[in-house]
Amino acid sequence: LWVPFMLFVARASASTVEKAYPGLAEGVLKSASLDKLSSGTLLSVDGFEILLSWADETINRVPAAMRKEAAGSLFFLLEQEVTRRVILRDAKNAGVPIKDISENEVIQTFLGQKVSTIAVSDGEVKSFYDENKEMVGGLPFDQVKESIQAFLVQQKQQDAVLDYVKSLENLKDIRIDAEWVKKQNVLARDNPVDRARNSGKPTMVEFGAIGCVPCDMMQPILEKLKKTHGQRLNVVFVNVRENQFLGARFGIRSIPVQVFYDRSGKEIFRHIGFFAEVEVNKQLEK
């Protein structure tokens, strides 16, 4: 009994990715146990394994011009891959038919089943209408009731899917090679956003692109901030067309986006679209 007991203690006390490297994981790998895995194995979980060769295979699928950036985002890409495979595993366990359909269709079917019973009450619809009459152009309730109902159902379904994906952060059966994660932590932090966040100063990051009109309108504001607050504030511009992986890692889906971090590197606020100078200063004051 002694050996199995000691193995249990060792596994129970094993460090997780989030404990060892706070902020490195964004989802399913937060609770992954750091471990020494068998030769050639990168990650092990009930139902599947991912080999170390996955890293090279993944980078080689990326256009040559983007491979350097991809190499610094491998942990992020691994987390996306593990999330996908865990959802497929859950779908299979839930009895979703997998024959003759693509993996994406399996995932969509599974997620569709999870939200299929979601509904909204007449009271919720009426309450939304009363609070948002301007949004519907002041039209009578009976004319917009069905549209509002469909909108609220869709919002609830999206929230339910997000809650399910977030719940994957608590999985306890994922083991990942500790040495690989240690190296990836260094590579993942080597970017202008994380360098600024780890500097001990508050940071404002603008995610945008050259030629995007509202992004270009933000440039004079950023330059002024650098001149007036440069000694006590990091002002960073990330061109997401040139840094696609970095934009994806920070959840950028439209541009421009302004993200504000406190001196400890914690995100405090983000805004999508053009952000007037007076509003920027309000956030900086906070």
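Fair warning: this is a prediction, and the values are worked out from it, not measured in the lab.

(A) Local environment of the pairing of strand β7 (residues 257-261). In terms of burial, β7 is a largely internal element, five of the five residues being buried. Where burial is concerned, the two faces of β7 agree: the one with Val 257, Val 259 and Tyr 261 and the one with Gln 258 and Phe 260 are both buried.

(B) Structural view of helix α9 (residues 178-189). A rise of 1.5 Å per residue sets the reference length of α9, with its 12 residues, at 16 Å; its end C-alpha atoms lie 17 Å apart and thus fit the reference within 8%. Among all positions of α9, only Trp 180, Val 181, Gln 184, Asn 185 and Ala 188 are buried. Across the axial projection of α9, the buried residues extend over an arc of 140°, all falling on one side. Of the exposed residues in α9, the ones pointing more than 90 degrees away from its buried face are Lys 183 and Val 186.

(C) Here's a closer look at the environment of Phe 110. Following the sequence through the fold, Phe 110 ends up in helix α6 (residues 103-115). With 13 residues separating them in the primary sequence, Phe 110 and Pro 97 have C-alpha atoms 9.4 Å apart. Those residues in contact with Phe 110 that lie beyond four places of it in its chain are Ile 87, Asp 90, Ala 91, Ala 94, Val 96 and Tyr 164.

(D) View of the sheet that holds strand β1 (residues 33-35). Ordered in space as β1-β4-β2-β3, the four strands form an open sheet in which the pairing is mixed. Only two strands of the sheet have a single partner each, and these edge strands are β1 and β3 (48-51). On average, adjacent strands in this sheet sit at an angle of 20° to one another, irrespective of strand direction. Contacts from α9 reach β1, β2 (41-45) and β4 (175-177), with the element oriented near 65° to β4.

(E) Geometry of unusual backbone geometry. Each neighbour pair has its own omega, and for Ile 255 with Pro 256 the value is -5°, a cis peptide bond. By the secondary structure assignment, Pro 256 is in the loop between α12 (244-249) and β7. Here Asp 100, not a glycine, exhibits a phi torsion of approximately 65°, which is positive. Considering the arrangement of structural elements, one finds Asp 100 in the loop between α5 (74-93) and α6.

Reading guide: rules and limits
- Residues numbered from 1 in each chain as written.
- Predicted model: local features only at pLDDT ≥ 70, side-chain atom pairs only at ≥ 80, totals over all residues.
- Heavy atoms only, no water.
- Buried < 20%, exposed > 50% of the residue type's maximum accessible area, 1.4 Å probe, protein only.
- Helix = DSSP H or I, 4+ residues; strand = E, 2+ residues; numbered from the N terminus.
- Expected span 1.5 Å × (residues − 1).
- Arc of directions from axis to C-beta.
- Contact = heavy atoms within 4.5 Å.
- Pairing = 2+ DSSP bridges.
- Axes fitted to C-alpha atoms, helices over the stretch in contact; angles between N-to-C directions.

Keep in mind that these numbers describe shape and distance, not what the molecule does.
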